[in-house]
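Structural overview for review
As a plain string of letters, each chain reads:
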Amino acid sequence: MADEKLPVEKKIGAYICKGCGLGERLEGAQLSMIAEREAKANVVREHDFLCSEDGVKMIQDDIDNEGVNRIAICACSRRAKTDAFNFEGVAIARGNLREGVIWARPDTDEARETTEEMAADYVRMAVWEVKFMTPPSSNPEAKCTPDILVVGGGVSGLTAALEAARAGYPVTVVEKSGHLGGHVADSWKRIPDRAPYTDPVDTGLDELIAACEAHDKITIHLNAKLTKTAGAPGQFQADISVESGPTVTASFGAIVQASGYDDYDANQLPDLGYGKSPDVVTQQELEALARAADGGAIKRPSDGKEVKSVAFVQCAGQRSEKEGQLPYCSGHCCMTSIKQAMYFKDQNPDIDTNILYRDLRTPGSGGEDFYRSGQDKEVTFTKACVDGVEAAGDGLHVKFKDLILDEDSEEVVDLVVLAVGQVPNSGVDIDAVAIEEEEEEGEAGEEGASPANEVHVSVESILNLDYRQGPDLPQLVYGFPDSHFICFPYETRRTGIYASGPVRRPMDIVSAREDATGAALKAIQAVENAAKGRAAHPRSGDLSYPSFRKEGCTQCKRCTVECPFGAINEDEERYPVFNESRCRRCGTCMGACPVRVISFDNYSVDSVGQALKNIDIPDEFEEKPRILVLACENDAYPALDMAGMNKIEYSAFARIIPVRCLGSVNLIWITDALNSGYDGVILMGCQKGENYQCHFVRGSEIAHQRMSKVDDTLQSLSLEPERVATYEIAITDIQRAPQLINDMAETIEKIGMSPFKF
Amino acid sequence: MSDMSSAVVEKYHNDFLKEVEANVEEGEWVRMCMQCGVCSGSCPLGPHWAHPPQEIFMMIRAGKREEVLTSDSMWMCTSCYNCIVRCPRGLPITHIMHGLAHYAHVLDLAPKNQPTRRFSKMFWDNITKNGRANELKLGLSLYFKDGFGPGVKEALKNKALGQAMMKTKRMNPMEFFGGHGVKDKSGLHAMLEKAREIEEAKLKRPAN
Ligand code: SF4
Ligand code: SF4
Ligand code: SF4
């Protein structure tokens, strides 16, 4: 099927390197012969030092003069020498003879034969792979608007807007309320972000707002909402509806979602006195009291008496396993309480301030200094578990267990401040909606069957995305729409839309500003990539994109459902519509497609299928099994490369093929491999599930699900289930990955060779 | 001072902490303890104390005035300095322990029969009498601290050691009768009295 895409003339050059010890360990002439006679490469050359200037020039000359447009470089791993072997306008495949063969095998006479066979197969694989590749070129339809849309006019949104505008990109800010600044507009001061980290400092909001309002590249819409967001990076179409005003549609290249948070509803905490006494307030409400005091004595709400003693209850309804409370830590509230205790102490050092904490968490470079400064100002810190707050007489009785003194205690204060957590404003939980829909479909007719205690909160969508998978960003955990906090912050599962600020994870003003700067940079990258038709993280710069052969498509919808990034919509006839600038090039769709009509120029069912089918399979009696290893290019393949670098040997019967993601593995590869006589197949992907490491978030998980059905295939071929194994591999598994290969070799020795050798 | 020995303080308010800061040597450091527990874990005697240093610091901040000042814990400190070396917050813990003990002694809240307190008092009285330590008398008063009978027993036990010391002129039996001292004893006494007055005047009363 890929054939029809090939230009008339496909000319393959195979280049065999003899440097790095390859020449001594392998028979170069033999490999050349295989490339030429068996694999039918048009031009075959050996070189003593292929990545040298001279070697690279040799290849370039063939491209320029011989019309070579597909090159198979049989040298080191595809992860090495990428700068040297970087040729424009041609398709490139790499045969990994160094890390994958000579470094992974012992240099002994007995091993020589199988090592040579291994190398020969990698040459065959490289040539066959490239034969079915097309030089990638970006989609000619790629176009781009440089404008960036920022959703939310709080500190994160405004910072992102200002950063992007200063970098030269026009920005539109959509704010749902009538004023800018979000929660910070109601705050008195913020935690310091500069040495000496001793005192609360001005929020800086007024300057930020002024700078945004004055910037000629920034347009601000107040009282406005997004009623529809269609399109893809480079060409989003957003309907901006201003309250009692017109709806305008504008184009954007990328979007920063800085929709912020709401305070956890303190009314859920009656034990802590909230709602029972007006003198029990949240941190945000204390900010308002401090603003009202304007540097003077803070007065308590009930009777306006000056506060002489205050207790701060940390982790109020947070880090809790109780039903309806937040399981996570909001990260900023310990520091915020220190800051707020200073509001009192700085005004009058004789005010008693007690911070009742379970664990005091003061992250960030200045955290410890700020804590120390709080202690220096005689803020009392008590490690305690607060049981309750009761109003009695003139004061509030805070009852707690002192965890250091290990006894129940009580303090009487004028004011209690609750450190409630941040709840992200992330819109609709599309995964929950999908599950609900499924259930509804399942129990059609049984109306009202849903259990009474289940709360159905109708949440308003923020982005109103016109995406098949749902109107908002997919959520990672606890409602935060990130895709991986540590490895790729800001990246959501919607390319070109970056979450920033407390909607991404709980945080304070300083972190929100940093976050917004990061997200603005990501948005700029997305705009630039979209303009050039290139992929974003993690295959940054990849020009290929998925295309599909409509005639073959059965409208099964698997690709539209499984794409981890919601890149595929549906047209009126229910055919998939690929939005390649939303696509991350993981190939999950390609792995999903049962009729195999989805492919990339440089990665397809054929390019991998042909490579794996065209190795030499010795017959049953030679006792030389073949093990196919499909290894994720992000973690498992580098781990195997590093095993080679560390001279960790593994079976000479393994043939390793890197895949973009385990999610791109189409079951046909497994069937083809088993039919061609491979004795075992190993799939190596990243960790899946809650603490996933998959670079494409869901790819590894989806692959594991698909592979659970491989038993049927094995049964229909009357093969043992042990012949196919799927593993989660980390990049650090440089001992384990080779071991798993060796284990498979042993298994095959036990259960015997595959009968499918022809 | 009787009002100070019975002062009432509000729990978890700064009253007692401020009192300690004002009256205890290095007391202003107490607020800086972050309750890591390294001192208690490092103290060779910690496990035997009612309240190891970390706990004492929390008790001060919790306003447990009476418990702290009547405790015998800080009297147990042997000045090994382990805690000082290890405290990540740099608290001069050993000094604070001694400062607290001293303050409790001044207020006469410290336990009466705490051996360290008794010995310290003995030593103080001994050295201030003549301005020089009278080792013979100090040794004897130590032997006889629990009465005549046990004193004789204790002295006989160490007879050989005492004789050896006399032989080598490490101890002079004549010290028993007055002993050597500074030239101007009454001047010394006047000076010490003045110092005591100054110290007492400096004592700050708790807020209420
Ligand atoms: S390659 Fe990945 S992101 Fe792109 S459409 Fe396919 S499944 Fe989606
Ligand atoms: S100096 Fe005193 S308190 Fe510190 S470790 Fe030694 S005995 Fe314990
Ligand atoms: S080591 Fe220092 S900071 Fe830690 S508990 Fe002891 S005094 Fe406090």
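Here, the structure is the one placed above.
Predicted model only: the values in this text are computed from it and were never measured.

Here's the deal with the overall build of chain B
In terms of regular secondary structure, chain B is built from 12 helices and 0 strands. Ordered by position from the N terminus, the helices and strands of chain B form the series α-α-α-α-α-α-α-α-α-α-α-α. Reported as C-alpha extents along the three principal axes, the dimensions of chain B are approximately 60 × 40 × 30 Å. Taken over 208 residues, chain B has a buried fraction of 38%. Counting 29 positive and 23 negative side-chain charges, chain B places the averaged centre of each group 8 Å from the other.

A word on the pairing of strand S5 (residues 148–151) of chain A
Residues and elements named next belong to chain A. Along S5, one buried face is formed by Ile148 and Val150 and the opposite face, lined by Leu149 and Val151, is buried too. Looking at chain direction, S5 and strand S6 (residues 171–174) are connected through 4 bridges and run parallel. Among the inter-strand pairings, Val150 is bridged to a residue of S6, identified as Val173. Between S5 and its parallel partner S6, the chain crosses via helix H6 (residues 155–166), and the hand of that crossover is right-handed.

Notes on the packing of H6 of chain A against helix H7 (residues 205–214) of chain A
Residues and elements named next belong to chain A. Closest axis-to-axis distance for the H6/H7 pair is 10 Å, and the angle between their directions is 45 degrees. As far as their axial angle goes, H7 and H6 are oblique. When you trace H6 past H7, the crossing you get is left-handed. Here Val155, Leu158, Thr159, Leu162 and Arg166 of H6 lie close against H7, whose contacting residues are Leu205, Leu208, Ile209, Ala211 and Cys212.

Quick word on the site of ligand 1
In the vicinity of ligand 1, 13 residues are found, and the nearest of them are Cys563, Cys583, Cys586, Gly587 and Cys589 of chain A. Considering only residue class, the shell around ligand 1 consists of 9 nonpolar, 2 polar and 2 charged.

Concerning the interface of chain A and chain B
Contact with chain A, which involves 27 residues of that partner, is made by 20 residues of chain B. Connecting chain A to chain B are 5 salt bridges. Among the ionic pairs, Lys64 of chain B bridges to Glu407 of chain A, the shortest N-O distance being 2.3 Å. Viewed at the interface, chain B and chain A are joined by 16 residue pairs in polar contact (both at pLDDT 80 or more). When contributions to the side of chain A that touches chain B are tallied by element, the ones reaching two or more residues are strand S17 (352–357), helix H10 (367–376), strand S18 (380–392), strand S19 (395–402) and strand S20 (407–413) of chain A.

Description of the packing of helix H9 (residues 333–347) of chain A against H10 of chain A
Residues and elements named next belong to chain A. Where H9 meets H10, the axes come as close as 10 Å, and the angle between the chain directions of the two elements is 35 degrees. Crossing geometry of H9 relative to H10 is assigned as left-handed. Contact residues: H9 offers Met335, Ile338, Lys339 and Met342, while H10 offers Gly367, Phe370, Tyr371, Ser373 and Gly374. Residues of the contact of H9 with H10, tallied by class, amount to 5 nonpolar, 3 polar and 1 charged.

Quick notes on the nonpolar core
Residues and elements named next belong to chain A. Counting residues in hydrophobic clusters, the biggest one holds 123 residues, and the most contacted among them are Leu97, Val629, Leu630, Trp669, Ile670 and Met684. Among the elements that take part in this core, helix H5 (residues 109–131) stands out by supplying 10 residues, more than any other. Excluding its chain neighbours within four sequence positions, the residues that come into contact with Leu97 are Leu22, Leu26, Leu31, Cys74, Ala75, Ile102, Ala119, Tyr122 and Val123.

Regarding the sheet that holds strand S15 (residues 280–282) of chain A
All names here are of chain A. Spatially, S15-S21-S16-S17-S18-S19-S20 is the arrangement adopted by the 7 strands of the open sheet, whose pairing is mixed. Single-partner strands in this sheet number two, and they are S15 and S20. The average angle at which neighbouring strand axes cross in this sheet is 35 degrees, direction not considered. As paired strands, strand S16 (residues 309–316) and S17 are joined by 5 bridges and run parallel to one another. Pairing of Ala311 across the sheet is with Asn354, part of S17. The strands touched by H9 within the sheet are S16, S17, S18 and strand S21 (415–420), with S16 carrying the most contacts at an inclination of about 175 degrees.

Describing a nonpolar patch on the surface
Where nonpolar side chains cluster on the molecular surface, the patch consists of Phe119, Phe123 and Leu142 of chain B and spans about 230 Å² of accessible area. Residue classification places Leu142 of chain B among the partly exposed residues on the basis of a relative accessible area of 34%.

Re the packing of aromatic side chains
Evaluated as defined, the whole model comprises 12 aromatic pairs over all chains. Judged by centre distance (4.9 Å) and plane angle (75 degrees), the rings of Phe400 of chain A and Tyr12 of chain B are edge-to-face. Taken as a pair, Phe400 of chain A in strand S19 and Tyr12 of chain B in the loop between helix H1 (2–5) and helix H2 (15–23) lie in two separate chains rather than in one. Where Phe548 of chain A meets Phe578 of chain A, the ring centres are 5.5 Å apart and the plane angle is 45 degrees; that geometry is what we call tilted. Here Phe548 of chain A is found in strand S24 (residues 547–548), whereas its partner Phe578 of chain A is found in strand S26 (residues 576–578), with 30 residues between them in sequence. When its relative accessible area of 23% is taken as the criterion, Phe548 of chain A is described as partly exposed. The class of Phe578 of chain A is buried, set by a relative accessible area of 14%. Joined through ring pairs, the aromatic side chains of Tyr328, Tyr478 and Phe480 of chain A make up one cluster. When the ring centre of Tyr467 of chain A is taken as reference, the NZ or CZ atom of Arg582 of chain A above it lies at 3.4 Å.

Remarks on the sheet that holds strand S1 (residues 12–17) of chain A
All names here are of chain A. Reading across from one edge, S2-S1-S3-S4 is the order of the 4 strands in this open sheet, with parallel pairing throughout. Because the sheet does not close on itself, it has two edges, and the strands there are strand S2 (43–47) and strand S4 (91–96). Neighbouring strand axes in the sheet, compared pairwise and without regard to direction, differ in orientation by 15 degrees on average. Bridge analysis of S1 against S2 gives 5 bridges, and the strand direction is parallel. Looking across to S2, one finds that Ala14 is bridged to Val44. Each of S1 and S2 touches helix H2 (residues 28–38); the most contacted strand, S2, lies at about 165 degrees to it. Strands in contact with H5 are S1, strand S3 (70–75) and S4; relative to S4, the strand with the most contacts, it is inclined by about 165 degrees.

Rules of the game
- Residues numbered from 1 in each chain as written.
- Chains lettered and ligands numbered in written order.
- Predicted model: local features only at pLDDT ≥ 70, side-chain atom pairs only at ≥ 80, totals over all residues.
- Heavy atoms only, no water.
- Helix = DSSP H or I, 4+ residues; strand = E, 2+ residues; numbered from the N terminus.
- Buried < 20%, exposed > 50% of the residue type's maximum accessible area, 1.4 Å probe, protein only.
- Lys, Arg positive; Asp, Glu negative; His and termini not counted.
- Charge placed at Lys NZ, Arg CZ, Asp CG, Glu CD.
- Pairing = 2+ DSSP bridges.
- Right-handed = clockwise from strand over helix to strand, strands pointing away.
- Axes fitted to C-alpha atoms, helices over the stretch in contact; angles between N-to-C directions.
- Parallel < 35°, antiparallel > 145°, perpendicular 65-115°, else oblique.
- Left-handed = near helix turned anticlockwise from the far one by under 90°.
- Contact = heavy atoms within 4.5 Å.
- Near = heavy atom within 4 Å.
- Nonpolar A, V, L, I, M, F, W, Y, C, P; charged D, E, K, R; others polar.
- Salt bridge = Lys/Arg side-chain N within 4 Å of Asp/Glu carboxyl O.
- Polar contact = N/O pair within 3.5 Å; in protein donor to acceptor, adjacent residues only side chain to side chain.
- Core = buried A, V, L, I, M, F, W, Y, C linked by side-chain atoms within 4.5 Å.
- Patch = residues over 30% accessible without salt bridge, like charges linked within 9 Å, V, L, I, M, F, W, Y side chains within 5 Å.
- Areas by Shrake-Rupley, 256 points an atom, 1.4 Å probe, with all protein chains shown as cover.
- Phe/Tyr/Trp six-rings, centres within 6.5 Å; stacked < 30°, edge-to-face > 60°.
- Lys NZ or Arg CZ within 6 Å of the ring centre and 35° of its normal.

Shape is all these values report; function is a separate question.
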